[in-house]
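Structural characterization, general
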Amino acid sequence: MRVLVVGKGGREHAIVWKLLQSSLVKKIYCAPGNAGISEIAECVQLEPDQIRELAHFAQRNSIDITIVGGEEPLAAGIVNYFVERGLRIFGPTVEACKLEWSKVYAKEFMREFGIPTASYVVFDQVEEAVRFVETHPLPLVIKADGLTRGKGSLIASNLEEAKSAIAHLMIEKALGEAGQRIVIEQFLEGEEATFMAFVDGKNFLVMMPVKDYKRLLDDDLGPNTGGMGSVAPHIRIPKNGTNEVIEKVFSPLIDALQMKGIKYTGILYAGVIFTKTGIKVLEFNSRFGDPETQVILPLMKNDLMELVMLTLEGRLDEIEIEWNDKCAIGVVIASGGYPKRYKKGFPIQGLESVKLKENILLFHSGTAKQGNEIITDGGRVLTVVAVDTNFEKAFNNAYNACEKIKFEKAFYRNDIGQGFIETMTEE
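First, a word on what this report is: a plain description of the structure on this page. (Residues numbered from 1 in each chain as written. Predicted model: local features only at pLDDT ≥ 70, side-chain atom pairs only at ≥ 80, totals over all residues. Heavy atoms only, no water.)

**Describing the overall build of the protein chain**
Secondary structure summary: the protein chain contains 14 helices and 23 strands in total. Viewed in the frame of its principal axes, the protein chain has a C-alpha envelope of about 60 × 45 × 45 Å. Within the protein chain, buried positions represent 58% of all 427 residues. Surface exposure of the protein chain reaches about 18200 Å², of which carbon and sulfur atoms provide 46%. (Helix = DSSP H or I, 4+ residues; strand = E, 2+ residues; numbered from the N terminus. Buried < 20%, exposed > 50% of the residue type's maximum accessible area, 1.4 Å probe, protein only. Areas by Shrake-Rupley, 256 points an atom, 1.4 Å probe, with all protein chains shown as cover.)

Next comes the structure, spelled out in structure tokens:
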């Protein structure tokens, strides 16, 4: 099969890497890809938002299946466009993925169908939002309605922070149209987890839980980012946690989508939190997570292309996902200044020595080639993934590898997976 992967991040690099292991796949293209992806697939100079051009490329090059990595092309209707032209594509339609591109829609959907989530209020006027935070207990969570690449959720612990967050989104328009309407919701405490599932419209297969580290700094301090690291499997959730997510989130959600006449095909991502009063949904996404994909695919025994095919054919009830008995820790190395302003174009040293290390995988995110050099080309530059038999080994190997990678103003958290070592020690 000839496959086109759309995207240029670490998630797409991991998808391409996993597809290469499939006996069903003969040729992989990636649009636009990055320096790391270019070493294992043919990169095409098309951006994810060039939907018409991507469809033309798929037709001209006899692409059997296109796999969409990120949320922007899904929200822009790439699946609808491809399907209208008779092209096979893996991902939900623009109607189905509204669960991601509108936080307001997702909250109202959950309220309508009894899916547990935090209490909330929606605002499209600054003055009304400010009056609300002035009269309600803090902390509160303030979220942009639209797509924000993981940066649209702000926790306000005092009134000054709450007013600043509202101004940031609605007056300064720091995230553009995404922040024209906001959701202010109850702040929840507990253990967060990511659950991703293959969904074929009626059947679904939930993958192992993953821990995602969204905050920029150690000890979960600093602003939200697209993700600074991840760990799989997530062993710090309740023992019946996965069953609870299936029963209270995925099952009612898929039933509700069918009831509304919406066929959801692709990956469905549920970010949840296990509180003292039970599970709550924090967010839905309509694609593989980043950096969660980088740690979950190396642990999957299944052929990824087979799972994609069965999803598209509505036959997920014929298979189960199998996992090896190892664990994975992924550390994101970012550009100094991320998630705000940062510079690009710095040469990266140490990549070759890290690639030779046993049990280490290196997934590129924001990289490009400049002559014979690989340079930085984004906020999140690389994800270093260590796969091993226990969390302590994986932790040490991941950070030993991170130390060998150098570029100007390189930055990473130093505590990704540390709590999992402590959990194993306690047990």
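**Quick look at helix α6 (residues 103-113)**
In an α-helix, one full turn covers 3.6 residues, which means residues spaced three or four apart are oriented alike. The set of residues buried in α6 consists of Lys 103, Val 104, Tyr 105, Ala 106, Lys 107, Phe 109 and Met 110. Buried residues in α6 make contact with α5 (98-101), β6 (120-123), β7 (140-144), β9 (182-186), α9 (241-259) and β17 (278-285). Of the residues flanking the end of α6, it is Gly 114, one or two places downstream, whose phi is positive at about 70°. (Contact = heavy atoms within 4.5 Å.)

**A few points about the layout of surface pockets**
In this model, the second largest pocket occupies a volume close to 720 Å³. What lines the second largest pocket is a set of 22 residues, among which Lys 151, Leu 154, His 168, Pro 223 and Asn 224 lie closest to the centre. Elements with a minimum of two residues in the lining of the second largest pocket: β8 (153-156), α8 (159-171) and β14 (221-224). (1 Å grid on protein atoms, 1.4 Å probe; cavity = no way out; pocket = protein on both sides within 12 Å on 5 of 7 lines; lining within 4 Å. Points joined across faces, edges and corners; volume = space filled by probe spheres on them.)

**With respect to empty space enclosed by the protein**
In the structure shown here, the tally under the stated rule is two cavities of 30 Å³ or more. By volume, the largest cavity amounts to about 50 Å³. Val 68, Leu 74, Phe 90, Gly 91, Pro 92, Gly 266, Ile 267, Ser 286, Arg 287 and Phe 288 are the residues that line the largest cavity. Taken together, the residues of the lining of the largest cavity sort by class into six nonpolar, three polar and one charged. Roughly 40 Å³ of internal volume is contained in the second largest cavity. The wall of the second largest cavity is formed by Lys 103, Ala 106, Lys 107, Met 110, Lys 143, Glu 185, Leu 282, Glu 283 and Phe 284. (Nonpolar A, V, L, I, M, F, W, Y, C, P; charged D, E, K, R; others polar.)

**Notes on the side chain of Gln 294**
You can see Gln 294 is positioned in helix α10 (residues 292-296). Assessed through its relative accessible area of 0%, Gln 294 is described here as buried. In contact with Gln 294, not counting residues within four places along its chain, are Gly 10, Arg 11, Ala 14, Gly 289, Phe 363, Thr 383 and Val 385.

**Quick word on the pattern of salt bridges**
For the structure on display, the rule yields 22 salt bridges. Among the ionic pairs, Lys 163 bridges to Glu 134, the shortest N-O distance being 3.1 Å. Remark: Glu 134 occurs in helix α7 (residues 126-134) and Lys 163 occurs in helix α8; sequence separation between them is 29 residues. Overlapping salt bridges bring together Glu 39, Glu 352 and Lys 355 as one network. (Salt bridge = Lys/Arg side-chain N within 4 Å of Asp/Glu carboxyl O.)

**So, the sheet that holds strand β11 (residues 204-206)**
Note on sheets: strands pair through backbone hydrogen bonds, and any given pair is parallel or antiparallel. Pairing within the open sheet is antiparallel, and its four strands lie in the order β11-β10-β16-β17. This sheet does not close on itself; its edge strands, each paired only once, are β11 and β17. Ignoring which end each strand starts from, the neighbouring axes of this sheet average 30° apart. Contacts from helix α11 (residues 304-312) reach β10 (191-200), β11 and β16 (265-275), with the element oriented near 65° to β10. (Pairing = 2+ DSSP bridges. Axes fitted to C-alpha atoms, helices over the stretch in contact; angles between N-to-C directions.)

**Here's the deal with α11**
Burial runs high along α11: seven of the nine residues are buried. Among the residues making up α11, those that are buried are Leu 304, Met 305, Leu 307, Val 308, Met 309, Leu 310 and Thr 311. Regarding α11, its N-cap is Asp 303, as a side-chain oxygen of that residue lies 2.8 Å from the backbone nitrogen of Met 305 further along. With its phi angle positive at about 70°, Gly 314 sits one or two positions after the end of α11. (Polar contact = N/O pair within 3.5 Å; in protein donor to acceptor, adjacent residues only side chain to side chain.)

**What about the packing of aromatic side chains?**
Summed over the entire model, instances satisfying the criterion amount to 12 aromatic pairs. Seen in terms of ring centroids, Tyr 399 and Tyr 412 are 6.0 Å apart; in terms of plane orientation they differ by 40°. Their pairing is tilted. Taken together, the residues span a long stretch of sequence, with Tyr 399 in helix α13 (residues 391-404) and Tyr 412 in the loop between β23 (410-411) and α14 (418-426) at a distance of 13 residues. Clustering of aromatic rings is evident, with ring pairs tying together Phe 90, Phe 198 and Phe 288. Above the face of the Tyr 81 ring, Arg 85 is positioned so that its terminal group lies 3.4 Å from the ring centre. (Phe/Tyr/Trp six-rings, centres within 6.5 Å; stacked < 30°, edge-to-face > 60°. Lys NZ or Arg CZ within 6 Å of the ring centre and 35° of its normal.)

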